[in-house]
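Letter by letter, the chains look like this.
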Amino acid sequence: GGGGGGGGGSLGGGNASLLANTMCGTPNYMSPELINGDEYGKANDVWAFGVIVFQMLTLRMPFTAPSLAGLICSIMAGKFDGLAQEALRRRDHELSPALRRLVSPDEGGALHRHPEKRITFAEVAQLFPLSPAEAHSPATSPEKRIAAAEAHSPLAAGALAAAAGAPPSPIA
């Protein structure tokens, strides 16, 4: 899946590393740090998650090009595909601020070029909170997470439903 494993541990020499340095994955989901051959961690997975959410919201990949070299240039420049950007703009009125932030290339967004400036998964969880009782209940189900997201945005609920394997509600 999405751009290689983030946070995979290296067990060499007794020092567990939180960063990996292999290149694998589907090119459209590759983060800039992966393309550069830099070590990568959880921020790489946040990038891939941002690409997936962007695709779910627009039915388009945020970065495309006719060649691998062009795709790499688009990703490194943080330049969204024109049709994808237009599809996102058309849905802007439907998106909660949380979803807008999630798919943003700006600082604090999942698609920021610099991993240290991306949103973290802990911050993503805070964008779509459950009540304290639900958050600590072993009975919290994917359906409850979807219902909580529905309060923020039907599009968020669809994204969570798809992640949970449930059929999403149709989006008008």
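None of these values were measured; they are calculated from a predicted model. (Residues numbered from 1 in each chain as written. Predicted model: local features only at pLDDT ≥ 70, side-chain atom pairs only at ≥ 80, totals over all residues. Heavy atoms only, no water.)

A. Structural context of helix α2 (residues 42–58). Its 17 residues place the ends of α2 24 Å apart at the C-alpha level, agreeing with the 24 Å of an ideal helix rising 1.5 Å per residue. Looking at α2, one finds that the buried residues are Asn44, Val46, Trp47, Ala48, Gly50, Val51, Val53, Phe54, Leu57 and Thr58. Phi turns positive one or two residues past the end of α2, at Leu59, with a value near 60°. (Helix = DSSP H or I, 4+ residues; strand = E, 2+ residues; numbered from the N terminus. Expected span 1.5 Å × (residues − 1). Buried < 20%, exposed > 50% of the residue type's maximum accessible area, 1.4 Å probe, protein only.)

B. Region of the structure containing the pattern of salt bridges. One pass over the structure, following the stated rule, counts five salt bridges. When the shortest N-O distance is used, the salt bridge between Arg89 and Glu86 registers 2.6 Å. Of the two residues, Arg89 and Glu86 both sit in helix α4 (residues 82–91), three residues apart, roughly one turn of that helix. By relative accessible area, which is 52% here, Arg89 ends up exposed. Among the ionic pairs, Arg91 bridges to Glu94, the shortest N-O distance being 2.9 Å. Taking relative accessible area as the criterion, Arg91 reaches 16% and is therefore assigned buried. Under the relative-accessibility criterion, Glu94 is labelled partly exposed at 25%. Residues joined by salt bridges that share partners form a network here, namely Glu86, Arg89 and Arg90. (Salt bridge = Lys/Arg side-chain N within 4 Å of Asp/Glu carboxyl O.)

C. The arrangement of α4 in detail. Buried within α4 are the following residues: Ala84, Ala87, Leu88 and Arg91. Angular distribution of buried residues about the axis of α4 spans 95°; they occupy a single face of the element. What points out from α4, more than 90 degrees from its buried face, is the exposed set Gly82 and Arg89. The N-terminus of α4 is capped by Asp81, whose side-chain oxygen sits 3.0 Å from the backbone nitrogen of Leu83. (Arc of directions from axis to C-beta. Polar contact = N/O pair within 3.5 Å; in protein donor to acceptor, adjacent residues only side chain to side chain.)

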